[in-house]
Each structure stands twice: as structure tokens, then as C-alpha cells.
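# Per-entry structural report
Listed below are the residues making up each chain.
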Amino acid sequence: MTQSARSERYQQGWQMLKIIDGKAGENVIDSLQPIAPDLARYVIEFPFGDIYTRPGLDLKSREIATLAALTALGNAQPQLKVHIHAALNVGCTAQEIVEVVMQMAVYAGFPAALNGMTAVKQVFAERNIHLTGE
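## So, the environment of P78
Residue placement: P78 occurs in helix α5 (residues 77-89). Residue P78 is classed as exposed on the basis of its relative accessible area, which comes to 55%. When the C-alpha atoms of P78 and Y42 are compared, they prove to be 18 Å apart, with 36 residues separating the residues in sequence.

This is how it looks when you write it as C-alpha cells:
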């Protein structure tokens, strides 16, 4: 890949990361720079430069899928929190986020859903979001 193509991927990815993840995403990239700058670049170029910019799904749908996957993994709480913020940034409602995590109890088990809901509660508290339970 040419330097100009890499630069274009990087710029496109950086813009998408800022739209989706905002400051939380920038913090992740900044934290990687001193120890693994190549990993930081890969995160910007591949998921945000190549995948999130593809046609076929809007950003809200992509974030719903991401929330489901990270919840199901059960071992990615920091990334899940970043993407809960991202889901809110791209138009998901708080109730939709809760429902996605609850849905994962069926496919990933109750421990994964409970851990996911803990992340949801933490992000909602940071953003001063209050829901009444059903």
C-alpha cells in the first residue's frame, strides 16, 4: 500500500473514530501511542477507516452489532464502555442499549449480560442518564 493510500485510510479512520467514539476513542488511541503506535494506527485504519465507512449499514446499526458482540465476549468491559458511549453518540437510545444487552442473556448467558449491564450503568451514570426499569 502506498504512503498516500495509507494516509487517506488513516485520515478517513481518524474522522470516523471522532464521530463515533469522540473523546473516549481519542483517549484509547493516545494511550497506545507510547507503547504500541502501530496498534493505534491499525485501530484507526482497519475498523474505522475500512469497516465503519462501508455502505450497507448505518452507524447506529453498526454500534448495535458492536454492543452485542462485546457483551457476548464478556471480557471486553473497557471496549464495551467506549462503544456504549459511541452508540449514544450515533443515535441509539438508552432503552435500545439496555435491550441489546438484555438480548445477549439468551445467546451469551446471564453472566455476560449482567457484566454488560454493569458497564451500561457506569456509562449512563457518567452521562447522567436515568431509566426506570421495566
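## Overview of the nonpolar core
Here is a general trend for soluble globular proteins: nonpolar side chains tend to be buried in one another's company. Grouped together as the largest cluster of nonpolar side chains are 19 residues, with contacts concentrated most on L67, L80, I84, I97, V120 and F124. When residues of this core are traced back to their parent elements, those giving at least two are α4 (59-73), α5, α6 (94-108) and α7 (110-126). The dominant element in this core, judged by the number of residues it contributes, is α6, at six residues. Once you skip the residues sitting within four places of it in the chain, F124 turns out to touch I84, L88, A94, I97, V98, I129 and L131. Counting twelve residues, the second largest nonpolar core, distinct from the first, contains W14, M16, I44 and V90.

## Quick notes on the environment of Y52
Relative to the assigned elements, Y52 resides in the loop between α3 (37-51) and α4. In this structure, the C-alpha to C-alpha distance between Y52 and E63, residues eleven residues apart in sequence, is 9.5 Å. Ignoring anything within four residues of it in the chain, the contact list for Y52 reads M16, I20, P47, L59, R62, E63, T66 and H83. A distance of 2.7 Å separates a polar atom in the side chain of Y52 from a polar atom in the side chain of E63.

## Quick look at the pattern of salt bridges
When their charged atoms lie close together, side chains carrying opposite charge are able to pair. Summed over the entire model, instances satisfying the criterion amount to five salt bridges. A salt bridge links D50 to R9; its shortest N-O distance comes to 2.6 Å. A residue pair is termed long-range when its members are at least 10 positions apart, and D50 in helix α3 and R9 in helix α1 (residues 3-20) qualify at 41 residues. For the salt bridge of R41 with E45, the shortest nitrogen-to-oxygen distance reads 3.3 Å. Placement of both R41 and E45 in helix α3 is noted, with a separation of four residues, approximately one turn of the helix. Via salt bridges that share partners, R9, D38, R41, E45 and D50 belong to a single interconnected network.

Conventions we followed
- Residues numbered from 1 in each chain as written.
- Predicted model: local features only at pLDDT ≥ 70, side-chain atom pairs only at ≥ 80, totals over all residues.
- Heavy atoms only, no water.
- Helix = DSSP H or I, 4+ residues; strand = E, 2+ residues; numbered from the N terminus.
- Buried < 20%, exposed > 50% of the residue type's maximum accessible area, 1.4 Å probe, protein only.
- Core = buried A, V, L, I, M, F, W, Y, C linked by side-chain atoms within 4.5 Å.
- Contact = heavy atoms within 4.5 Å.
- Polar contact = N/O pair within 3.5 Å; in protein donor to acceptor, adjacent residues only side chain to side chain.
- Salt bridge = Lys/Arg side-chain N within 4 Å of Asp/Glu carboxyl O.

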